[in-house]
Structures are given as structure tokens and as C-alpha cells.
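Next come the chains, spelled out residue by residue.
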Amino acid sequence: MINQNIPKIYNHLLSVYGYQGWWPLVHTIDDPALRSLADGYHPGQYDFPRTDAQKLEICLGAILTQNTRWLNVVKCLSSLETSKLLSIDHLLESRPGQIALAIKSVGYYNQKAKYLKNFAVFLSDHPFSELEDLPSADCRRMILDIKGIGQETADCILLYALRKTSFVVDAYTRRIFSKFDIVEPDASYQKIKVLCESSLPDDLPMFQEFHALFVKHGKRFYSKKPHGAEDFLLTEHLFQRGPI
DNA sequence: AACCAGGACGTGA
DNA sequence: TCACGTCATGGT
């Protein structure tokens with residue numbers, strides 16, 4: 001199953017918003033100029049993450065941002081850094097209660113403290129170097145077995161930390177696609193993922209930009225409680241007439 | 001002052 | 001499988 005509107009939407013959003021430079025590395029980015037320039041974002045540079053610390057920051061951020069504003073996550077990442085908890089070994093040594101103290105501003109802090117620790121335990125058995133060499137599908141199954149990692153979080157980790165072309169579906173993707181009847185409003189995660197992966201070229205930077213652009217555009221026009229504006233950008237672009 | 005945010009899990013039908 | 005309650009802080 002292929003849908004030609006999907007690459008069309010991608011190209012238009014890219015032309016409107018430009019490169020997003022995801023995943024933001026707020027604390028472990030090693031280039032100070034870049035860090036202050038774009039608040040952790042690194043538009044046009046696709047050789048991140050460069051260190052295991054950066055990979056870990058992406059994974060922890062992906063868990064922390066579940067149903068949570070990114071701004072809150074940034075606060076938590078810095079307090080985790082202050083508490084020396086931005087490391088696998090220190091997470092392993094800490095009790096969930098101690099971790100919870102550092103991530104209070106994110107909400108769900110008791111649950112997520114356990115999730116972070118679960119992930120650290122997993123990484124101590126399967127270091128990044130091992131995961132990166134695994135086929136994407138195998139790696140995905142393993143990550144999904146961790147309690148606290150669902151499909152979206154797993155795909156974020158695969159796409160941004162492990163650099164595997166695994167499509168990320170989020171709430172904005174479902175809302176945007178269902179508005180233009182590309183999928184049903186209640187379509188399954190897997191269905192949307194497969195549709196997108198077969199409608200797009202197998203290209204890592206593109207997948208990374210795609211999700212980032214959908215979040216950017218989704219925040220603007222597709223919040224759950226509509227605050228007025230309709231999505232004129234995509235409606236005009238998709239419904240304009242082609243050449244005669 | 002309700003309502004939502006870059007979801008996931010446990011439960012019961 | 002699926003609909004629904006729960007987890008919880010901070011911004012609008």
C-alpha cells in the first residue's frame with residue numbers, strides 16, 4: 001500500500017519549516033557553538049549522536065517526553081545531569097525513588113523513574129555497539145520488551161539514537177493523516193507505520209526530519225483542543241489543482 | 001480553572 | 001483485541 005500524498009506532505013512541510021535538526025541534544029552535545037546556537041538542535045547535521053552519552057540522552061529524553069512537553073523534559077535532563085544520573089552505571093546504582101526526585105517536573109515521575117532504570121538495565125546487557133549491529137526489526141522487538149517502552153518510544157530510540165530508518169508514528173501523525181483521509185482516525189500504529197515506510201524512500205535523514213516536522217506542524221494546528229486556526233498550509237497544498 | 005502535552009501499562013469485557 | 005482508567009507536573 002502506497003500513498004503519494006505522504007511524500008508530498010513531507011516536501012511541503014520541509015519547504016515551509018526547513019531542517020529541524022532532531023533529536024535535540026540539550027546537555028551532552030559536544031559543540032558549544034552549535035549548542036548555544038540552536039538549543040541542542042543541529043539542523044542539517046546528520047552525524048549525531050557522536051558519543052554513547054549522547055545516545056543515552058536521546059533514549060532517556062524519549063522516555064521522559066511520553067505525553068509530556070519537551071520543556072519539562074529539558075528541566076529533568078539538567079537535574080539528572082546535576083545528580084550525576086545521566087549515566088548507565090549511576091542509574092543502575094540508584095533507587096527509583098532517587099531518580100524520581102530528579103525528574104519531578106516531567107510528571108508520571110514514579111513510573112518513569114522505573115522506566116529509566118529498566119532501560120539502564122537493558123543497556124548494561126546490550127550496549128549501544130551491540131544494538132547498532134542488529135537488524136532493525138530484531139532490535140525493535142528487544143526494546144519493546146522493556147517495560148516502559150512502547151512503539152513510539154522504541155521507534156524514536158531506533159531512529160535517533162541507533163540511526164535505523166524506523167518510522168515514528170505519534171498523535172500528530174494520526175491527526176494529520178486522518179484529516180486528509182490518508183488513514184482512519186483509529187488506525188493502528190503498525191498500519192500507519194507500514195504505510196509510511198512503503199510510501200517513502202529508505203532514507204535516514206528524511207525519516208528523522210519527517211517526525212520532527214510533523215511535531216512542529218502538529219503543535220501549530222493539531223492540538224487536541226483546537227485553538228482556532230485551521231491547517232491552511234496543507235489543505236491549500238494538497239487540494240490545489242495540478243497541471244491540466 | 002479546566003484542559004492538554006512529542007504515551008504506556010493494567011484491567012476487564 | 002479494545003476501550004477505559006491511571007499515572008502527575010507545568011503551561012495556557
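Note that the structure is a prediction, hence the values are computed from the model and not measured.

Colleague: How do you make sense of the layout of surface pockets when you look at a structure like this?
Modeller: One simple way to see leftover space: roll a probe sized like a water molecule over the atoms. The space that makes up the largest pocket amounts to roughly 890 Å³. Along the walls of the largest pocket sit 26 residues, with Thr 65, Asn 67, Thr 68, Asp 170 and Tyr 172 positioned nearest its centre. Residues of the lining of the largest pocket, tallied by class, amount to 10 nonpolar, 10 polar and six charged. Looking at which domains feed residues into the lining of the largest pocket, each of domain 1 (5-20 + 168-234) and domain 2 (50-161) supplies at least three. Space inside the second largest pocket adds up to approximately 170 Å³. Around the second largest pocket, the lining residues are Met 1, Ile 2, Asn 3, Ile 182, Val 183, Glu 184, Lys 191, Val 194, Leu 195 and Ser 198. Counted by class, the lining of the second largest pocket contains six nonpolar, two polar and two charged residues.

Colleague: Quick question: what am I supposed to make of the domain arrangement of chain A here?
Modeller: The parts lose accessible area when they come together, and the size of an interface is often stated as this lost area. Structurally, chain A comprises domain 1 (5-20 + 168-234) and domain 2 (50-161). Put simply, the middle of domain 1 and the middle of domain 2, counted by C-alpha atoms, are 25 Å apart. Counting from both sides, the interface comprises 11 residues of domain 1 and, opposite them, seven residues of domain 2. Taken together, both faces of the contact between domain 1 and domain 2 bury some 820 Å²; the carbon and sulfur share is 57%. When the buried surface of domain 1 facing domain 2 is broken down by residue, Val 168, Tyr 189 and Gln 208 rank first, second and third, together holding 53% of it. Across the domain 1-domain 2 interface, the total number found is one salt bridge. With its nearest N and O atoms 3.1 Å apart, the salt bridge here joins Lys 193 to Asp 155. Applying the counting criterion to the domain 1 and domain 2 interface returns five residue pairs in polar contact (both at pLDDT 80 or more). Elements with a minimum of two residues in the side of domain 1 that touches domain 2: helix H12 (189-199) and helix H13 (204-221).

About the criteria used
Residues numbered from 1 in each chain as written. Chains lettered and ligands numbered in written order. Predicted model: local features only at pLDDT ≥ 70, side-chain atom pairs only at ≥ 80, totals over all residues. Heavy atoms only, no water. 1 Å grid on protein atoms, 1.4 Å probe; cavity = no way out; pocket = protein on both sides within 12 Å on 5 of 7 lines; lining within 4 Å. Points joined across faces, edges and corners; volume = space filled by probe spheres on them. Nonpolar A, V, L, I, M, F, W, Y, C, P; charged D, E, K, R; others polar. Domains from an automatic or database assignment. Contact = heavy atoms within 4.5 Å. Buried area = accessible area lost by both parts, 1.4 Å probe. Salt bridge = Lys/Arg side-chain N within 4 Å of Asp/Glu carboxyl O. Polar contact = N/O pair within 3.5 Å; in protein donor to acceptor, adjacent residues only side chain to side chain. Helix = DSSP H or I, 4+ residues; strand = E, 2+ residues; numbered from the N terminus.

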